[in-house]
Amino acid sequence: MERDDLTAWLRLTLTPGVGNATARRLLQTFGLPQQIFQQTAAALQQCVSRAQAQALLQAPAGLEALLDTTWQWLHAAPAGGPARALLALGDAQYPALLLETEDPPPLLYLLGAARFLAPGAQPFAHGTCLAMVGSRHPTAQGEGNARQFARALRASGLTIVSGLALGVDAAAHEGALMDAQDSDSTPATLAIVGTGLDRVYPSSHRSLAHRIAAHGLLVSEYPLGTPPLPGNFPKRNRIIAGLSQGTLVVEAAPASGSLITARLASEQGREVFAIPGSIHAPQSRGCHTLIRQGAKLVETAEDVLEELRLSSPVLLTGSRSKMTARAKRPRSSALPAPEQQSLDIPETPLLKALGYEPAGLDALQARTGMTTAHLQVELLELELAGAIARLPGGLFQRLGRG
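So, how was this worked out
Residues numbered from 1 in each chain as written. Predicted model: local features only at pLDDT ≥ 70, side-chain atom pairs only at ≥ 80, totals over all residues. Heavy atoms only, no water. Helix = DSSP H or I, 4+ residues; strand = E, 2+ residues; numbered from the N terminus. Rg over C-alpha atoms; globule rule 2.2 N^0.38 Å. Buried < 20%, exposed > 50% of the residue type's maximum accessible area, 1.4 Å probe, protein only. Phe/Tyr/Trp six-rings, centres within 6.5 Å; stacked < 30°, edge-to-face > 60°. Lys NZ or Arg CZ within 6 Å of the ring centre and 35° of its normal. Salt bridge = Lys/Arg side-chain N within 4 Å of Asp/Glu carboxyl O. Polar contact = N/O pair within 3.5 Å; in protein donor to acceptor, adjacent residues only side chain to side chain. Pairing = 2+ DSSP bridges. Right-handed = clockwise from strand over helix to strand, strands pointing away. Contact = heavy atoms within 4.5 Å. Axes fitted to C-alpha atoms, helices over the stretch in contact; angles between N-to-C directions. Core = buried A, V, L, I, M, F, W, Y, C linked by side-chain atoms within 4.5 Å. Parallel < 35°, antiparallel > 145°, perpendicular 65-115°, else oblique. Left-handed = near helix turned anticlockwise from the far one by under 90°. Nonpolar A, V, L, I, M, F, W, Y, C, P; charged D, E, K, R; others polar.

Caption draft 1: Geometry of the overall build of the chain. Looking only at helices and strands, the chain features 18 helices and 12 strands. Its C-alpha atoms give the chain a radius of gyration of 24 Å, near enough to 21 Å, the size a compact globule of 402 residues would have. Taken along the three principal axes of its C-alpha coordinates, the chain extends 85 × 40 × 40 Å. The proportion of buried residues among the 402 residues of the chain is 54%.

Now the structure itself:
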């Protein structure tokens, strides 16, 4: 993108009172942004209000500073570091699935592996994307499920899309990155963020963001310097859903932002999947609501692959044709064995008594008849072996499927 083109696109997105819908209407009427700013007030008022037309005739405050910052960001990437790119609505590389949604952003800022952003590259044209979202405060089981499912689904050729938030989002990104290779022909994961790409939020995910940039892409619709404003995060959910052929909700409370993503996916005609959980866990109620509303109940990664008509596993360096398979396959857990540490642990009376729902010491004593001292020793041994996790409130929960 030339500097004059960048100036016009930034001016369009910065103009006060001109949102995405108005910007798209102007582009449809007059063509490229440069042509919009060559119009008279009378011509502009054919498709926008008088106030909007007057705003478009004046350069917005901060345009020159943002132009300099963005131009330098695009052209001064450090040697050996991630590449940067800017996609405008209508560019050949702009994601086709996002164009099918009601509100595609006029600009997408991209940061990631150079092979996905090289001239002529098509970062969104190959493979299939699956959104994975869920609670920022998941149970130990939920976090493990997110990581395991993401790893298995990535091994089957999917690109995992999430929002770089705490909890399930982070676990999904991490799972997708576990087996990432520099030779992969599709991004392992896409992080859709609610800030400018010169910031990382939360700051504790800086290292994770660097790993995503090495094997995938960070994506934002927001100009550089945009802080983590609360309203940005629900808004970016439409991009998470819009880039993906389906959305998998791992854990979600009834009023969770993850349910917004699922609703948007459903409205866009995309698949919605949900992993059920304990009836006693608040983080499971959102998933149960989705299942009652028609989301596909998911127990294994294979359930997702069957619905999306993908075979498992595939070569990540291969073509998309290697990922398509219409025939039904036997049901089996596609979760990778290394993550299921508890598979090698014998089924002890305590594990059997614990089941798969969180339980406290009093409940476990009542179920097993063990003394407090004996119970605490066995719980510690199981925790060290990776079979259970200690939760807030003095609760314990079994991990994996052992």
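Caption draft 2: Quick peek at the packing of aromatic side chains. Applying the stated criterion across every chain yields a total of 2 aromatic pairs. An angle of 45° between the planes, with centres 5.6 Å apart, marks the rings of Tyr201 and Phe233 as tilted. Here the residue Tyr201 occupies a position in the loop between strand E5 (189-192) and helix H11 (206-215), and Phe233 occupies one in helix H12 (residues 232-242), the gap between them amounting to 32 residues. For Phe233, a relative accessible area of 13% translates into the label buried. The positively charged end of Arg11 is found above the aromatic ring belonging to Phe37, 4.0 Å away from the centroid.

Caption draft 3: Representation of the pattern of salt bridges within the structure. Inspection of every chain in the model, using the stated rule, returns 13 salt bridges. Note that Arg398 and Glu347 form a salt bridge whose closest N and O atoms lie 2.6 Å from each other. Taken together, the positions of Arg398 in strand E12 (residues 395-398) and Glu347 in the loop between helix H15 (301-307) and helix H16 (349-354) put the pair 51 residues apart, joining distant regions of the chain. A residue is classified by how much of its surface remains accessible, and Arg398, at 3% relative accessible area, is buried. The network of salt bridges with shared partners includes Arg24, Asp103, Glu221 and Arg238.

Caption draft 4: Spatial organisation of H12. For H12, the tally of buried residues reaches 9 of 11 residues, placing the bulk of the element in the interior. Those residues of H12 lying buried are Asn232, Phe233, Arg236, Asn237, Arg238, Ile239, Ile240, Ala241 and Gly242.

Caption draft 5: How the structure looks around unusual backbone geometry. That bond from Tyr201 to Pro202 is cis: its omega, 0°, falls within 30 degrees of zero. Assignment of secondary structure puts Pro202 in the loop between E5 and H11. A positive phi is found at Leu164, a non-glycine position, where the angle reads about 65°.

Caption draft 6: Geometry of the side chain of Ser256. With respect to the element layout, Ser256 can be found in the loop between strand E7 (246-249) and helix H13 (257-267). The class for Ser256 is buried, based on a relative accessible area of 14%. Of note is the side chain of Ser256, whose polar atom sits 2.9 Å from the backbone nitrogen of Ser258.

Caption draft 7: Region of interest: the pairing of strand E4 (residues 158-162). Within E4, 5 of the 5 residues are buried, which leaves it mostly tucked inside the rest of the structure. Here E4 shows a buried face lined by Leu158, Ile160 and Ser162 and a second buried face lined by Thr159 and Val161. Of the pairings in the sheet, the one linking strand E3 (residues 128-133) to E4 comprises 4 bridges and is parallel in character. By the bridge assignment for E4, Ala131 is matched with Val161. Since E3 and E4 lie parallel, the crossover through helix H9 (residues 140-155) that links them has a hand, and here it is right-handed. Where E4 and E5 come together, 3 bridges link them in parallel fashion. Bridging from a neighbouring strand, Ser162 pairs with Ala191 of E5. Regarding topology, helix H10 (residues 168-177) serves as the crossover connection from E4 to the parallel E5, and that connection is right-handed.

Caption draft 8: Region of interest: the sheet that holds E5. Read from one edge of the open sheet, 9 strands run E1-E2-E6-E5-E4-E3-E7-E8-E9, paired in mixed fashion. Two strands bound the open sheet, and with one partner strand each, they are strand E1 (83-88) and strand E9 (296-297). Strand direction decides the pairing type here: E7 and strand E8 (residues 271-274), joined by 4 bridges, are parallel. If you follow Gly246 over to E8, its bridge partner there is Glu271. Strands in contact with H10 are E3, E4 and E5; relative to E5, the strand with the most contacts, it is inclined by about 155°. Contacting strand E2 (107-112), E5 and strand E6 (217-220), H11 runs over the sheet at an angle of about 105° to E6.

Caption draft 9: Spotlight on the environment of Leu305. Within the fold, Leu305 resides in helix H15. With 140 residues separating them along the chain, Leu305 and Ala165 place their C-alpha atoms 25 Å apart.

Caption draft 10: Just the sheet that holds strand E11 (residues 388-391), in detail. Spatially, E10-E12-E11 is the arrangement adopted by the 3 strands of the open sheet, whose pairing is antiparallel. Each edge of the open sheet carries a strand with a single partner, namely strand E10 (359-360) and E11. Bridging between E10 and E12 involves 2 bridges; their strand directions are antiparallel. Looking across to E12, one finds that Gly360 is bridged to Leu395.

Caption draft 11: Broad picture of the nonpolar core. Ranked by internal contacts, the top residues of the largest apolar core, which has 77 residues, are Leu12, Leu26, Leu164 and Leu218. With 22 residues, the next largest nonpolar core counts Phe149, Ala152, Leu158 and Val298 among its residues.

Caption draft 12: Focus on the packing of helix H1 (residues 3-14) against helix H6 (residues 63-75). Where H1 meets H6, the axes come as close as 10 Å, and the angle between the chain directions of the two elements is 130°. By the criterion of interaxial angle, the relationship of H1 to H6 is oblique. Crossing angle aside, the handedness with which H1 passes H6 is right-handed. Two secondary-structure elements touch here, H1 through Arg3, Leu6, Thr7, Leu10, Arg11 and Leu14 and H6 through Leu63, Leu66, Leu67, Asp68, Thr70, Trp71 and Leu74. Class assignment of the residues belonging to the contact of H1 with H6 gives a composition of 8 nonpolar, 2 polar and 3 charged.

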